[in-house]
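Understanding the architecture of this molecule
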Amino acid sequence: MQLPNRWNSNHTSGLSSELSRCKRSVQESDGVMKIDTKLIQSVGGLGDPHHAVTTPIYQTATFEQESALEFSEYDYSRSGNPTRAVLEQQLAELEHGTRAFAFASGLAAIAAVTRLLQPGDEILAVDDVYGGTCRLFSKILKRSHISVRYIHGTTAQDFAREFSDRTRLVHIETPTNPLLKVVDIAGLAEIAHQHNALLCVDNTMLSPYLQNPLVLEADIVVHSATKFLCGHSDVIAGAVVVRDEKLAEDLYLIQNGEGAVLGPFDSYLLLRGIKTLGVRMERQQTNAAKIAGFLSGHPRASRVHYPSLLEKKSFAIHVRQARGNGAVVSFETGSLEISRQIVEGLKLFPITVSFGGLQSSVSLPGRMSHASVPAQVAAHRQLPADLIRLSVGIEDADDLIADLAEALEVAEGVPELRASAG
Ligand SMILES: Cc1ncc(COP(=O)(O)O)c(C=O)c1O
C-alpha cells in the first residue's frame, strides 16, 4: 500500500492541531475497520459459552484431551493458549500481518527473530538501538558465530554500502531509542530484499497505532509490548508479527520449541491495555509535542530530539511512514552533572529505565537503559552522556512543563559544572 504524504510542517508549534487534522492520514483504505475500532473489538471466536465481553483468562497449563489419540485445539499452554491466541490475533490485525507471536519480553521476541539465522550469518543494525538489543547482538549471538555491524547513518544508501554476502537480517528501530533518528523503512526493505536479507523493524516507539512497517514491505515487526502496547507499566511482554506464511511457521517452531511464551494473565493484561492504545497515544503525543516545543525554546536544552524537530529530509521520510511523532522526547544539556540534577529534580517524572506508560517518566539512557551497550559499540555510536529521555504520559501538559521549568531553573544555578560536559 502506498502511504500518502499529508504532513507539511517540521515545526513543533501547531503540531497538535496538525496531528489531529492528519490523525489518520495513513488510514486503512481497503474498507476494513479503522484502527480505533479494531482496538476495541474482540477478535477471534473463543467460543466462550457465557459470551463474556472481555477475553477470559485461561490460567491453565494443560487441556484435557478427548482421547489418548485425539488432540483438541489446545493441549499445552506453551504450544497454545486461548487468551494468548486472542492477543496474537489482535496484534496480527493491528500490524497488518497474518500471524503474531506473543513472548515473555521484547528481548525474547527479538532473540526469537535471530534464531532464524545460521552460524556465519551477519546482521546489519542501526547503531542507535535499545541497549539490551545491542547486548544480545554483540555479546550473545557471538557465541553462535552470528556477527553484527552497526550502521551510523539512517538512509537506505547508508545501509546499501554495508551489505555483504553474509548479511541475512537488517534490524532497525524508527524512530530510534533514544536519539529519535528516523530510518527509511520502505527504502531499506527494497535494498534488503535485493540482497536476499530480511528487514526487521522494532516498532516499539510508535506502536501499531502510529506506524505499520509490514505495510511498507518490512518482513518482521517486533515490539517491546512492555511499553505503549501495554501502557500501564505492569507487564513485561514482547511480540513478533509477520505476513509470510513460511516465516510464521519458522517462528512458531521457535516460539514453541524454545518456550519463551507470554502467560495467560499477562496476555489478558496486554489485551486490556491495547483497548486504550489510541486514546493514550493521542494524548501522550499531544503532551510530548508541547514539551518538545517548550524545551526547544529553553536555553538549558542545547539540543532537543523529537521527530518533528528533525531536519527536513529525515522528517519527510518520517511523515511518509508514520502517522504521528510519538511520546518520547530526548534532550541534551551539555553537562552530565546538570542533566543528573534535572533528572533528580523532577517531581512528576519518576526515574525509570522504561517508557510508554500512562505516567510520565525520565531517564539518563547512557547510565540506565543503554548502560549495557558494549564499550567499543558505545564509543562508535556516540550516545551523548548528558542525554535526558522523557517518556511523556497523559497528565496535564501544563503541570509537566511547570515541573520541567523548575528542574531546569534549579540546575541553572550551577553553571560552573558545565565544564564537566560529557
Ligand atoms: C525499543 C526497544 N525494543 C526492545 C526492548 C526490550 O523489551 P523488553 O524490556 O520488554 O524485553 C526495549 C526495552 O526497553 C526497547 O526500548
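Everything in this summary refers to the structure shown in the same document.

Ala239, Val240, Ile291 and Val329 are the most contacted members of the largest nonpolar core, which has 119 residues in total. For this core, the element with the most residues is helix 11 (residues 277-296), which contributes 8 residues. Shared between two domains, this core holds at least three residues of each, these being domain 1 (29-275) and domain 2 (277-420). Apart from the residues within four sequence positions on either side, Val240 is in contact with Ala100, Phe101, Phe103, Ala109, Ala112, Val113, Ile220, Val222 and Leu251.

An order of 8-9-11-10 is seen for the 4 strands of this open sheet, with the pairing classed as antiparallel. The open sheet is flanked by strand 8 (303-305) and strand 10 (361-363), the only strands paired with a single partner. Direction aside, the axes of adjacent strands within the sheet are offset by 20° on average. As defined by bridge partners, strand 8 adjoins strand 9 (residues 328-332) across 3 bridges and the pair is classed as antiparallel. Opposite Val304, over in strand 9, you have Phe331 as the bridge partner.

For the rest of this paragraph, the subject is the packing of helix 4 (residues 106-114) against helix 5 (residues 131-140). Taken N-terminus to C-terminus, the directions of helix 4 and helix 5 make an angle of 35°; their axes are 10 Å apart at the nearest point. Judged by the twist between their axes, the crossing of helix 4 over helix 5 is right-handed. Each of Leu107, Ile110 and Ala111 in helix 4 lies in contact with helix 5, whose residues at this interface are Gly132, Thr133 and Leu136. Here the contact of helix 4 with helix 5 is built from residues that sort into 4 nonpolar, 2 polar and no charged.

It is worth spelling out the environment of Arg243 at this point. Mapped onto the elements, Arg243 comes out in the loop between strand 7 (238-242) and helix 9 (245-258). The class of Arg243 is partly exposed, set by 19 C-beta atoms lying within 10 Å. If we skip the residues at most four places from it in the chain, Arg243 touches Gly97, Thr98 and Leu214.

To continue, consider the site of the ligand. Taken together, 16 residues are adjacent to the ligand, and Ser105, Gly106, Leu107, Tyr130 and Ser224 come closest. Of all the secondary structure elements, the ones that give two or more residues to the shell around the ligand are helix 4 and helix 5. By residue class, the composition of the shell around the ligand is 3 nonpolar, 11 polar and 2 charged.

The rules behind each value
Residues numbered from 1 in each chain as written. Predicted model: local features only at pLDDT ≥ 70, side-chain atom pairs only at ≥ 80, totals over all residues. Core = buried A, V, L, I, M, F, W, Y, C linked by C-beta atoms within 7 Å. Buried ≥ 20, exposed ≤ 12 C-beta atoms within 10 Å, placed from the backbone. Helix = DSSP H or I, 4+ residues; strand = E, 2+ residues; numbered from the N terminus. Domains from an automatic or database assignment. Contact = placed C-beta atoms within 7 Å. Pairing = 2+ DSSP bridges. Axes fitted to C-alpha atoms, helices over the stretch in contact; angles between N-to-C directions. Left-handed = near helix turned anticlockwise from the far one by under 90°. Nonpolar A, V, L, I, M, F, W, Y, C, P; charged D, E, K, R; others polar. Near = placed C-beta within 6 Å.

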